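The residues making up each chain are set out below.
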Amino acid sequence: MKQRLEKIFAQGFQDLQQQLLQRIAASLEPVEAWLRSEQEAERQHPPAPDPYLDERILRGLLREINIRSKLSHAEWERLEEVRARIDTVRAQIQDQAPAPLLLDQNDPAQIQQAFETHYGYYAELFRDLRILDLSLAGEYLPELHDSALSAFSWKELTDREMALIPPLVVFLATERPLVETTALALKLLTTGLPLKLLALQQNIQTPRETGRALAHRFHPDLGFFGLSLRSAYVLQATEDIESFDQEVMAALRSPRPALLSLWDGTGDDPRQSQLALASRVFPYLRYDPELGLDCTSCLEIGKNPHPETAWVSEILPLPGGGEEERPLTFAEFAWHVLDQKEEFAPLNEPGPENPSLADYLEMETDERHHLRPYILVSEAGETRVLLPSNNILYQCQDRMRLWRSLQSLAGADQPSEDAAVAAREDSPQEIAGRIAAEREQAVAQALQTLSRKLLGLEEMELALGGEDFKLDLRGLDEALSSSGTAPPATGAAGPSDLPWIETKLCTACDECTNINKRIFVYDKEKQAVIKNPRGGPFRDIVKAAEKCSAAIIHPGKPLDPKEKDLAKWIKRAEKYQ
Amino acid sequence: MDQLPIDEFLTDLCPFEKQLDLDDYLGEAPRWCQGCGDLGILTAVQKLLRDNQAEPTEVVCVSGIGCSSRFPYYLKAFGFHGIHGRALPISTGVALANPKLKVLTVMGDGDCFSIGAGHWVHAIRYNVNLLAMVLDNEIYGLTREQTSPTTPLGTRTRTTPKGAFLPPLNPLQLMLGVSNLSFLAQTATWLPQHLLATLQQAYRHQGLAFVRILQHCPVFSPQAFGEGGKDAELMEFLYHVQGIAIDPALERFGGRREHDPADLATAQRLASEREREPLGLLYQNPDLPSYETIRHAALAHPSPAEKLTLLNRRLDRLAPEG
Ligand SMILES: Cc1ncc(C[n+]2csc(CCOP(=O)(O)OP(=O)(O)O)c2C)c(N)n1
Ligand code: SF4
Ligand code: SF4
């Protein structure tokens, strides 16, 4: 990981040198050009008394374009002084490309000092550029600017200027206990300096848990802790997420303090870091305070596999034949990655007191009495049944709590009704009423389905656990489909009956909105969402799916059983489900 | 000091409220056919300007002739609906006359690669500061279905009713062979995030940023580019830290290949092999100076003192002898 980061640092800041030089040239060029031509002209035509022209009058006429003539002697001297300073810095930048300053030590006082030196150097440059610009525009007012600019520090820099300064990156020592790392991060992030803190998460120490201890004893929780600071940029990621390099660069180039918590694996096996992500032990999160005023706008968790579900599942063959869908939890992670084999006891066959871990985690505390959940692991092509220790169960529970919290903060569990309401033309009361009615209907329908399932009338298919089923119920209200966030989970009854759009992929081609504006509307980003699935006949939805240039409209099932020619439209819809 | 109610003061402080949004870039209602890829490109350009908070009065959109060239009417900014094939020379003029303006050039494949081909090559060589987009639907749309330089071999059109006789021109290969090329990327209308990310990178580039945008015309070339992206086998995303980020949602639209946009030779090979359409940044050289910069440096800019001497000399010539 360190090597990869070094490569990102080396490549990612390549363009800074050019940009800084361009910025310097933009201010320096007019003065230098003028100086050059002035010297040249004097060399070629030394001033001589002229019998026909009064040179002073002509100079006066050309005043507007003559830089020097606009300035007093004192002003010109100041300009010269500043120019000389900028010139020196320019030569230094030309000589050596600016690169991030990497600090491997964690003493706040020393870091602060290093920061002041590093940023002070650039602050001085930008201050000088400002003096130059103001002087050239004839807007430098000594009574105003002298004192303001002499006390100039990096705090006065604009975001655009800050973006031209290579950041100061502090590697947080993660081998210390979490309290210390967190306290240090807090100390550094609240210094008011836009430091970039980088924690490489290598040794995940799992405290032996009783469930009574405070959460946040787990190293990877550093990212979640960062959210509480609200105004820091936070990135928590493993190497195999999409566009990892760009993600790291975006954090480093943010004008804000940033906390980067990156998974550095415990070995070379890439599956380990995939499992860290998939088991929600080390979920991806990015919090960019620039994106809005509420947490949902700033927090992004979309690069986790299946961000809308509680777990990611794998299908494993059962020892006695058949197969089982198995969620990836902390338990799988502890077995495969942390190698805590001593925390597991083998089991021949699950009995009535052994629910699967996924089911167990969905249960209320009082239902769990006397139950020992099992997990399945596959090793050397063989599937084994194992009973995880209590310690592991607590950890699973804790990871689940973290993931659910992230989901709700990011708005992945329930789309905001406010947002859905705002996107419509109908009055909010009307919509709220409809949503309430729809939810009631959904719950009734779900109860019916559930009781049928419990009575064994239908095979249990709730592959992703109880919480998702709840999620899906919420999905039944149209707010979900109109936010375009989550496609209804497969296998669950009811919700998938509703039409939905993969809004992110909408090309804004107008096909659907032209077919029926009561069903399809554009959201704020001009991408189509379903405003009201009952806004028109099923026929319109199927036609839109057929026409959709991006093939992203999924018609679901007809909501009005009395619609004409329904069989035909259901058949035509099949292709797009 | 002026008094402000606290809520107004806070909204003033809060940058989210005051920003330009998509509505600020809406021009006339588009008259393109429903489903036309041009609509999505218009939206992407509006988002591009919104994301960069570009004042509509500081943007000029120049086009040639064609369906795609109706673009300036629909974008709220300054516009110049030019003549067929001449969008690039007009844009060059605008960019040189007022370097502060952001110039967006919109052309069709017929417009740029056919009648405008001469200007195309030289505009790339001149490397003026502008963002040039070709909306390539492999057909002449406005004049209703004639063969364009990129129409595939064998395609029946009104000008080649027995099927196009020639294999199509390979615009990427051609551009990668033009001296002084500084930015070339390819994207497609069915990849909205990729399209926007590509335009963002092109927008930031100093020099001529050329973006070819693949699209299909649902009316006259519905089959183009695997019916507008429906065949993932035909496409390949290029990725690199200096390249264009690929949203995971787009993975189903094509394969992936690492490609360093600084590597011209590999870009040329990728383009000429033509196994799959490469999507992403093919080539970028941020260090090439733009034509404006070179020209400015090469020309004399006499100082007022010099002007004075020159004027003096000229007047001297008119003065009576003696
Ligand atoms: C000098 C000149 N020659 C021919 C035409 C006729 N003409 C108008 S648009 C067009 C081709 C447009 O095709 P393309 O550039 O691919 O744009 P599209 O309509 O497909 O977007 C032609 C040949 C013209 N307007 N002017
Ligand atoms: S038809 Fe498809 S691509 Fe076009 S606007 Fe509707 S959802 Fe978007
Ligand atoms: S004819 Fe084709 S290119 Fe022209 S507007 Fe219609 S769909 Fe678009």
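**A word on the overall build of chain A**
Here's step 1: Along its length, chain A carries 23 helices and 16 strands.
Here's step 2: In chain A, which comprises 577 residues, the share counted as buried stands at 49%.
Here's step 3: About 28000 Å² of surface is accessible on chain A, with carbon and sulfur atoms providing 52% of the total.

**Details of the overall build of chain B**
Here's step 1: Across its full length, chain B holds 13 helices and nine strands.
Here's step 2: Per-residue burial for chain B yields a buried fraction of 53% across its 322 residues.
Here's step 3: In the form shown here, chain B has an accessible surface area of approximately 14700 Å², with 55% of it arising from carbon and sulfur atoms.

**A few points about the interface of chain A and chain B**
Here's step 1: Contacts between the two partners involve 47 residues from chain A and, on the opposite side, 49 residues from chain B.
Here's step 2: Of the roughly 3900 Å² buried between chain A and chain B on both sides combined, carbon and sulfur atoms contribute 56%.
Here's step 3: Inspection of the chain A/chain B interface yields four salt bridges.
Here's step 4: Linking Glu242 of chain A and Arg256 of chain B is a salt bridge whose minimum nitrogen-to-oxygen distance equals 2.8 Å.
Here's step 5: In this assembly, chain A and chain B are joined by 11 residue pairs in polar contact (both at pLDDT 80 or more).
Here's step 6: Elements that contribute at least two residues to the side of chain A that touches chain B include exactly helix H1 (2–12), helix H2 (14–44), helix H3 (55–61), helix H11 (244–253) and helix H21 (511–515) of chain A.
Here's step 7: Counting residues per element, the side of chain A that touches chain B draws most heavily on H2 of chain A, which supplies eight residues.

**Details of the pattern of salt bridges**
All names here are of chain A.
Here's step 1: One pass over the structure, following the stated rule, counts 33 salt bridges over all chains.
Here's step 2: As a salt-bridge pair, Arg4 and Asp245 come within 2.8 Å of each other at their nearest N and O atoms. One end of the pair, Arg4, is in helix H1; the other, Asp245, is in helix H11, with 241 residues separating them in the sequence.
Here's step 3: Two residues, Asp497 and Lys557, come together in a salt bridge whose shortest N-O distance is 3.2 Å. Residue Asp497 is found in the loop between helix H20 (478–483) and strand E13 (500–501), and its partner Lys557 is found in the loop between strand E16 (553–554) and helix H23 (566–573); the two are separated by 60 residues along the sequence.
Here's step 4: Three or more residues joined by partner-sharing salt bridges are found here, namely Glu32, Glu80, Arg83, Asp87 and Arg90.

**Focus: the sheet that holds strand E12 (residues 382–388) of chain A**
One key point about sheets: their strands pair by backbone hydrogen bonds, in either a parallel or an antiparallel sense.
Residue and element names in this part refer to chain A.
Here's step 1: Taken in spatial order, the three strands of this open sheet run E10-E12-E11, and their pairing is antiparallel. Bordering the open sheet on either side are strand E10 (344–346) and strand E11 (375–379), each of which pairs with just one other strand. Taking the axes of each pair of neighbouring strands and ignoring which way they run, one obtains an average angle of 45° across the sheet.
Here's step 2: Summarising the sheet, E11 and E12 pair through five bridges and their orientation is antiparallel. Following the sheet pairing, Leu376 is matched in E12 by Val385.

**What about the site of ligand 1?**
Residues and elements named next belong to chain B.
Here's step 1: Surrounding ligand 1, one finds 16 residues, the nearest of these being Cys67, Ser68, Asp109, Gly110 and Asp111.
Here's step 2: Between ligand 1 and the protein, one listed contact pairs an oxygen atom with a backbone N or O atom of Cys67 at 2.7 Å.
Here's step 3: Contacts to ligand 1 include Asp111, whose backbone N or O atom sits 2.7 Å from an oxygen atom.
Here's step 4: Relative to its unbound accessible area of 590 Å², ligand 1 is 73% covered by the protein chains.
Here's step 5: It is helix H6 (residues 109–115) that provides the largest number of residues to the shell around ligand 1, a total of four residues.
Here's step 6: Looking at the shell around ligand 1 residue by residue, the class counts come to six nonpolar, eight polar and two charged.

**Some details on the site of ligand 3**
Here's step 1: Neighbouring residues of ligand 3: Trp32, Cys33, Cys36, Cys67, Asn137, Cys217, Pro218, Val219 and Phe220 of chain B.
Here's step 2: Grouping the constituent residues of the shell around ligand 3 by class yields eight nonpolar, one polar and no charged.

**What about the packing of helix H22 (residues 538–547) of chain A against H23 of chain A?**
Residue and element names in this part refer to chain A.
Here's step 1: Relative to each other, H22 and H23 sit at 25°, their axes nearing to 10 Å. Comparing their axes, H23 and H22 come out roughly parallel. Judged by the twist between their axes, the crossing of H22 over H23 is left-handed. For the pair formed by H22 and H23, the contact residues are Phe538, Arg539, Val542, Lys543 and Glu546 on the first element and Leu566, Trp569, Ile570, Arg572 and Ala573 on the second.
Here's step 2: Split into classes, the residues belonging to the contact of H22 with H23 amount to six nonpolar, no polar and four charged.

**Section: the packing of H1 of chain A against H11 of chain A**
Residue and element names in this part refer to chain A.
Here's step 1: It is at 10 Å that the axes of H1 and H11 come closest, and there the two elements cross at 65°. Considering how the two elements wind past one another, H1 and H11 form a crossing that is right-handed. Contact with H1, carried on its side by Arg4, Leu5, Ile8, Phe9 and Gly12, involves Phe244, Asp245, Val248, Met249, Leu252 and Arg253 of H11 and no other residues of that element.
Here's step 2: Among the residues forming the contact of H1 with H11, the class breakdown is seven nonpolar, one polar and three charged.

**Regarding the packing of aromatic side chains**
Here's step 1: Summed over the entire model, instances satisfying the criterion amount to 14 aromatic pairs over all chains.
Here's step 2: Relative to Tyr74 of chain B, the ring of Trp32 of chain B has its centre 4.7 Å away and its plane inclined at 85°; by these criteria the two rings are edge-to-face. With Trp32 of chain B in the loop between helix H2 (15–18) and helix H3 (37–51) and Tyr74 of chain B in helix H4 (residues 71–74), the pair connects residues that are 42 residues apart, well separated along the chain.
Here's step 3: With 4.7 Å between their ring centres and 45° between their planes, Tyr126 of chain B and Tyr291 of chain B make a pair best called tilted. One end of the pair, Tyr126 of chain B, is in helix H7 (residues 117–126); the other, Tyr291 of chain B, is in helix H12 (residues 291–298), with 165 residues separating them in the sequence.
Here's step 4: An aromatic cluster is defined as three or more aromatic residues linked by ring pairs; in this entry it consists of Trp263, Phe282, Phe330 and Phe333 of chain A.

**Some points on helix H16 (residues 390–410) of chain A**
Here's step 1: With 21 residues, H16 of chain A should cover 30 Å at 1.5 Å per step; its first-to-last C-alpha distance of 30 Å lies within 8% of that length.
Here's step 2: Backbone geometry just downstream of H16 of chain A places Gly411 of chain A in the positive-phi region, at approximately 75°.

**Focus: unusual backbone geometry**
All names here are of chain A.
Here's step 1: Within the chain, Ser243 stands out as a residue other than glycine whose phi angle is a positive 50°.
Here's step 2: Counting through the fold element by element, Ser243 comes out in the loop between strand E4 (233–237) and H11.
Here's step 3: Given the relative accessible area of 14%, Ser243 is considered buried.

**Examining the nonpolar core**
Here's step 1: Ranked by size, the top nonpolar core spans 73 residues in total, and within it Leu5, Leu172, Leu197, Leu198, Val248, Leu260 and Leu262 of chain A carry the most contacts.
Here's step 2: Each of domain 1 (2–46 + 54–163) and domain 2 (168–205 + 217–300) of chain A accounts for three or more of the residues forming this core.
Here's step 3: Discounting residues that sit within four places of it in the chain, Leu5 of chain A has contacts with Leu198, Leu200, Val248 and Leu262 of chain A.
Here's step 4: Of all hydrophobic cores here, the second largest spans 34 residues; its members include Leu39, Leu75, Leu195 and Tyr203 of chain B.

**A word on the sheet that holds strand E7 (residues 299–300) of chain A**
Residue and element names in this part refer to chain A.
Here's step 1: Within the open sheet, the seven strands sit side by side as E1-E2-E3-E5-E4-E6-E7. Their pairing is mixed. Of all the strands in the sheet, just strand E1 (101–103) and E7 have a single pairing partner and so form its edges.
Here's step 2: When strand E2 (residues 168–172) meets strand E3 (residues 196–201), the two strands line up parallel, connected through four bridges. Along E3, the bridge assignment pairs Phe171 with Leu198.

**Describing helix H9 (residues 178–189) of chain A**
All names here are of chain A.
Here's step 1: If you check H9, its first and last C-alpha atoms are 16 Å apart, about what 12 residues at 1.5 Å a residue would give, namely 16 Å.
Here's step 2: Along H9, the residues that are buried comprise Leu178, Thr181, Thr182, Leu184, Ala185, Leu188 and Leu189. Down the axis of H9, the smallest arc covering the buried residues is 160°, so these residues share one side. Along H9, exposed side chains directed more than 90 degrees from the buried face belong to Val179 and Lys187.

**Concerning the environment of His336 of chain A**
All names here are of chain A.
Here's step 1: Take His336: it is sitting in helix H14 (residues 330–336).
Here's step 2: A residue is classified by how much of its surface remains accessible, and His336, at 26% relative accessible area, is partly exposed.
Here's step 3: Sequence separation of His336 and Val377 is 41 residues, and the distance between their C-alpha atoms is 8.7 Å.
Here's step 4: Once residues within four sequence positions are removed from consideration, His336 is found in contact with Gln272, Leu275, Arg326, Val377 and Ser378.

**Here we look at the side chain of His145 of chain A**
Residue and element names in this part refer to chain A.
Here's step 1: Considering the arrangement of structural elements, one finds His145 in helix H7 (residues 142–150).
Here's step 2: Residue classification places His145 among the buried positions, given a relative accessible area of 14%.
Here's step 3: Apart from the residues within four sequence positions on either side, His145 is in contact with Leu134, Glu139, Tyr140 and Ser150.

Calculation rules
- Residues numbered from 1 in each chain as written.
- Chains lettered and ligands numbered in written order.
- Predicted model: local features only at pLDDT ≥ 70, side-chain atom pairs only at ≥ 80, totals over all residues.
- Heavy atoms only, no water.
- Helix = DSSP H or I, 4+ residues; strand = E, 2+ residues; numbered from the N terminus.
- Buried < 20%, exposed > 50% of the residue type's maximum accessible area, 1.4 Å probe, protein only.
- Areas by Shrake-Rupley, 256 points an atom, 1.4 Å probe, with all protein chains shown as cover.
- Contact = heavy atoms within 4.5 Å.
- Buried area = accessible area lost by both parts, 1.4 Å probe.
- Salt bridge = Lys/Arg side-chain N within 4 Å of Asp/Glu carboxyl O.
- Polar contact = N/O pair within 3.5 Å; in protein donor to acceptor, adjacent residues only side chain to side chain.
- Pairing = 2+ DSSP bridges.
- Axes fitted to C-alpha atoms, helices over the stretch in contact; angles between N-to-C directions.
- Near = heavy atom within 4 Å.
- Nonpolar A, V, L, I, M, F, W, Y, C, P; charged D, E, K, R; others polar.
- Parallel < 35°, antiparallel > 145°, perpendicular 65-115°, else oblique.
- Left-handed = near helix turned anticlockwise from the far one by under 90°.
- Phe/Tyr/Trp six-rings, centres within 6.5 Å; stacked < 30°, edge-to-face > 60°.
- Expected span 1.5 Å × (residues − 1).
- Core = buried A, V, L, I, M, F, W, Y, C linked by side-chain atoms within 4.5 Å.
- Domains from an automatic or database assignment.
- Arc of directions from axis to C-beta.

Everything listed is a geometric property; what it means functionally is a separate question.
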